[in-house]
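Listed here are the chains, written in short residue letters.
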Amino acid sequence: MNASPPPQDLNDAEKVARLRLIRTENVGPVTFARLMARFGAARPALDALPDMAARGGRAKPLAICSQTAAEDELATLAGLGAVAVFMDERAYPPLLRHIDDAPPILFVRGHLGLLNKKTVAVVGSRNASVNGKRFAEHMARALGDAGYLVASGMARGIDAAAHQGARATGTLAVLGGGVDVVYPREHEALYASLVERGAVCSEIRCGTTPQARHFPRRNRIISGVARAIVVLEAGAKS
């Protein structure tokens, strides 16, 4: 598990610097965490990166995300009615920060406070049976009534049924693309209801269409926020 500092409220300058750091070439979640542990803040890490890359034998200058690009991305996010939640902030899901490759930032639309509720994930087959979807909806409703946030991936089948079942009490959809991209397209009404009564989140840049390589990353977030995971009608190798 990652050793995390107590939750805090970050100032705007640190938010911009952290976004620049995670958007910098060759910096993923694990490298980001190591840099933050070493330097304590994003700006010193950014300042040190060119020299670190050169000493590591890199001949080509490292492509570091600019201040303007990071500010523009946050402005675009705000224009969508979404917010950026950084790992050390109070609104960040408390269990998620302890996984080895925790997302440094989550983009969220909807009710931010839901992310701090005790969470159970309900996921499963996209090609679920009628009985499977009915059971998923019933289970999600019961979990919501018991005070849990139900998390899933807004996919067809079991995921959609779980979101429908927990809609009245609050449900979280973790997306495989940008937080503003509805996928699959037939879930536009479901997405709208989640934004209105629940929450949707993603670590991926706004406007990004989901790709196959994004879904394992999405799945680690679904499992990372949850105290338990219910898997329904999924294949053994899924």
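Before any of the text, the structure's been laid out above.
Computed from a predicted model, the values in this text were never measured in an experiment. (Residues numbered from 1 in each chain as written. Predicted model: local features only at pLDDT ≥ 70, side-chain atom pairs only at ≥ 80, totals over all residues. Heavy atoms only, no water.)

What follows deals with the overall build of the chain. Across its full length, the chain holds eight helices and seven strands. Compactness check: the chain gives a C-alpha radius of gyration of 18 Å against a globular reference of 18 Å for 238 residues, within 12% of the reference. Oriented by its inertia axes, the alpha-carbon framework of the chain measures out at about 60 × 35 × 35 Å. Sorting the 238 residues of the chain into buried and exposed places 48% on the buried side. Across the chain, contacts joining residues at least 24 apart in sequence account for 73% of those joining residues at least 6 apart. (Helix = DSSP H or I, 4+ residues; strand = E, 2+ residues; numbered from the N terminus. Rg over C-alpha atoms; globule rule 2.2 N^0.38 Å. Buried < 20%, exposed > 50% of the residue type's maximum accessible area, 1.4 Å probe, protein only. Contact = heavy atoms within 4.5 Å.)

Note that Arg20 resides in helix α1 (residues 12-22). The buried charged residue Arg20 lacks any salt bridge, with Asp47 as its nearest oppositely charged partner at 6.4 Å. In contact with Arg20, other than residues within four places in its own chain, are Arg43, Leu46, Ile64, Cys65, Ser66, Gln67 and Ala70. (Lys, Arg positive; Asp, Glu negative; His and termini not counted. Salt bridge = Lys/Arg side-chain N within 4 Å of Asp/Glu carboxyl O.)

Mapped onto the elements, Asp101 comes out in the loop between β1 (83-86) and β2 (105-110). Residue classification places Asp101 among the partly exposed residues on the basis of a relative accessible area of 29%. Expressed as a C-alpha distance, the spacing of Asp101 and Thr31, which sit 70 residues apart in the sequence, is 8.9 Å. Beyond its immediate chain neighbours, meaning those up to four positions away, Asp101 contacts Pro29, Val30 and Arg220.

With that settled, the discussion passes to helix α3 (residues 42-55). For α3, which comprises 14 residues, the first-to-last C-alpha distance of 20 Å matches the rise-based estimate of 20 Å (1.5 Å per residue) to within 8%. Of all bends in α3, the biggest is about 40°, found at Leu49, and the proline Pro50 comes one to four residues later. Taken together, the buried positions of α3 are Ala42, Ala45, Leu46, Ala48, Leu49 and Ala53. Next to the buried residues of α3 lie α1 and α2 (29-39). Gly57, located one to two residues past α3, shows a positive phi value of around 95°. (Expected span 1.5 Å × (residues − 1). Bend = angle between axes of the 7 residues up to and from the residue.)

Core analysis: the biggest nonpolar cluster contains 35 residues, and Leu21, Met154 and Val200 have the highest contact counts within it. Listed by contribution, the elements that provide at least two residues to this core are α1, α2, α3, α4 (67-79), β1, β2 and α7 (188-197). Considering each element in turn, this core owes the most residues, five residues, to α1. Discounting chain neighbours no more than four positions away, the residues touching Met154 are Asp159, His163, Ala173, Leu175, Val182, Tyr183, Pro184, His187, Leu190, Tyr191 and Leu194. Counting residues in hydrophobic clusters, the runner-up holds 23 residues, among them Ala102, Val174, Ile222 and Ala226. (Core = buried A, V, L, I, M, F, W, Y, C linked by side-chain atoms within 4.5 Å.)

Right, let's talk about the packing of α1 against α2 for a bit. A pair of packed helices is captured by two measures, namely the crossing angle of their axes and the spacing between those axes. Axis separation between α1 and α2 bottoms out at 10 Å; the angle between their running directions is 135°. In terms of their interaxial angle, α1 and α2 are classed as oblique. Seen along the crossing, α1 lies across α2 with a hand that is right-handed. Across the interface between the two elements, Glu14, Arg18, Leu21 and Ile22 from α1 touch Pro29, Phe32, Leu35 and Met36 from α2. Taken together, the residues that form the contact of α1 with α2 break down as six nonpolar, no polar and two charged. (Axes fitted to C-alpha atoms, helices over the stretch in contact; angles between N-to-C directions. Parallel < 35°, antiparallel > 145°, perpendicular 65-115°, else oblique. Left-handed = near helix turned anticlockwise from the far one by under 90°. Nonpolar A, V, L, I, M, F, W, Y, C, P; charged D, E, K, R; others polar.)

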